[in-house]
Amino acid sequence: MTATLMHAPLTCSLASRIAAAEGDVPLEIAYLNLKTKEFVDGGSLYDINPLGQVSTLRLDSGEIITETSTVLAWIQAQSQKADFRRDPNDPAYFQMLRWIAFCATELHKQIFRIVFYPEATDAVKDRIRDLAPQRFKLLDDHLAGRPFLLGDSFSAADAYLTWFFVLAERAQVDPTGYDNLCCYRDRMLDRPLIRDLIESDREMDRVIKAV
Ligand SMILES: N[C@@H](CCC(=O)N[C@@H](CS)C(=O)NCC(=O)O)C(=O)O
């Protein structure tokens, strides 16, 4: 038995899938339609997470973990890949948590929550998009001379930031001009495991929405 990730294609649970793939952590995937909350194989996400949100993970024990940041931390702790997992006694662990929290609060919730909210006016969405440059500058400065957020190797924090760039174009937030960040984005999106997951999610997204 392996843990099961409740997964809506292309949403933030893709960050969890990316972390699992890069960390070589096996996960069962339960696909769902995020709009209806219905699983492809039947049942409702509401029965597992009353907020009807992903990322939601069910462990072998039956215990449920919600919140993408926590799911990412759990996944990375299961990894046997020494260059992927960061242990709590390593100072890099807290840098990993820092960047995961940054992605969750400053990018995901701060920006995507509004620009993908159908009821938000265009003026409000543009005002929110204006927050992006300051955050991109911070990332761009940090990534100068660093191939990954934590330095030399891919971590769960990179999984979250990479997912942001899967949807950034659709959200009309453009990092052009932040050269370190653009190179980072291109490198991450070109990693074979990540490319395959995005492609498979695009296909699955079409299938689920066509039903
Ligand atoms: N607090 C949750 C929120 C995650 C979240 O916003 N997930 C979105 C998909 S990217 C979602 O499930 N939206 C459906 C909804 O809110 O009804 C977390 O940090 O994981």
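Thresholds applied
- Residues numbered from 1 in each chain as written.
- Predicted model: local features only at pLDDT ≥ 70, side-chain atom pairs only at ≥ 80, totals over all residues.
- Pairing = 2+ DSSP bridges.
- Helix = DSSP H or I, 4+ residues; strand = E, 2+ residues; numbered from the N terminus.
- Axes fitted to C-alpha atoms, helices over the stretch in contact; angles between N-to-C directions.
- Buried ≥ 20, exposed ≤ 12 C-beta atoms within 10 Å, placed from the backbone.
- Contact = placed C-beta atoms within 7 Å.
- Core = buried A, V, L, I, M, F, W, Y, C linked by C-beta atoms within 7 Å.
- Domains from an automatic or database assignment.
- Nonpolar A, V, L, I, M, F, W, Y, C, P; charged D, E, K, R; others polar.
- Near = placed C-beta within 6 Å.
- Right-handed = clockwise from strand over helix to strand, strands pointing away.
- Parallel < 35°, antiparallel > 145°, perpendicular 65-115°, else oblique.

Student: Any chance you could explain the sheet that holds strand E3 (residues 56-58) here in plain terms?
Tutor: Consider a sheet: its strands pair through backbone hydrogen bonds, and that pairing is either parallel or antiparallel. If you trace the four strands from one edge of the open sheet to the other, you get E2-E1-E3-E4, paired in mixed fashion. Bordering the open sheet on either side are strand E2 (28-31) and strand E4 (64-66), each of which pairs with just one other strand. For this sheet, the mean inter-axis angle between neighbouring strands, taken without regard to orientation, is 25°. Examined bridge by bridge, strand E1 (residues 4-7) and E2 share four bridges and lie parallel to one another. Across the sheet, leucine 5 pairs through a bridge with isoleucine 29, a residue of E2.

Student: Looking at this model, I keep getting lost on the environment of alanine 3. Mind explaining?
Tutor: Assignment of secondary structure puts alanine 3 in the segment before E1. According to the C-beta neighbour criterion, alanine 3 is buried, with 20 such atoms within 10 Å. Sequence-wise, alanine 3 and arginine 58 are 55 residues apart; in three dimensions their C-alpha atoms are separated by 5.6 Å. Excluding anything up to four places from it in sequence, alanine 3 contacts Leu27, Leu57, Arg58, Leu59 and Asp60.

Student: Mind showing me how you'd approach the nonpolar core here?
Tutor: Nonpolar side chains tend toward joint burial in soluble globular proteins. Counting 51 residues, the largest nonpolar core has Ala15, Leu72, Cys103, Ala156, Ala157, Tyr160 and Trp163 as its most contacted members. Elements represented by at least two residues in this core include exactly E1, helix H1 (13-23), helix H2 (68-78), helix H3 (91-115), helix H5 (132-143), helix H6 (156-167), helix H7 (179-189) and helix H8 (192-210). Here the element with the most residues in this core is H3; it accounts for nine residues. Each of domain 1 (4-83 + 194-210) and domain 2 (91-191) gives at least three residues to this core. Discounting chain neighbours no more than four positions away, the residues touching alanine 15 are Thr68, Leu72, Ala159, Tyr160 and Trp163.

Student: It is not clear to me how the domain arrangement of the protein chain should be interpreted in this structure. Could you clarify?
Tutor: Interface size, as often reported, equals the accessible area lost upon joining of the parts. Entries for the protein chain in the domain assignment read domain 1 (4-83 + 194-210) and domain 2 (91-191). A separation of 20 Å is found between the C-alpha centroids of domain 1 and domain 2. Each partner contributes residues to the interface: domain 1 has 17 residues there, and domain 2 has 18 residues. Every element with two or more residues in the side of domain 1 that touches domain 2 is listed here: H1, H2 and H8. In terms of residues, the side of domain 1 that touches domain 2 owes the most to one element, H2, which gives six residues. Its residues assigned to classes, the side of domain 1 that touches domain 2 comprises eleven nonpolar, three polar and three charged.

Student: Before we go on, may I ask you to explain the site of the ligand in this structure?
Tutor: If you check the shell around the ligand, you find Thr11, Cys12, Leu34, Gly52, Gln53, Val54, Ser55, Glu67, Thr68, Ser69 and Ala104 and nothing else. Along the lines of polarity and charge, the residues of the shell around the ligand split into four nonpolar, six polar and one charged.

Student: Would you mind showing me how to read the pairing of E1 here?
Tutor: When a strand is regular, its side chains alternate between the sheet's two faces. As a crossover connection, the stretch from E1 through H1 into E2 is right-handed. Judged from the three bridges that link them, E1 and E3 form a sheet pairing that is antiparallel. Along E3, the bridge assignment pairs threonine 4 with arginine 58.

Student: Could you clarify how one ought to interpret the packing of H5 against H7 in this entry?
Tutor: Two packed helices can be described by the angle between their axes and the distance between those axes. Their axes nearest at 7 Å, the elements H5 and H7 cross at an angle of 80°. With respect to each other, H5 and H7 are oriented roughly perpendicular. Taken together, the residues of H7 that come into contact with H5 (itself represented by Phe136, Leu139, Asp140 and Leu143) are Asn180, Leu181 and Tyr184. In terms of residue class, the contact of H5 with H7 is made up of five nonpolar, one polar and one charged.

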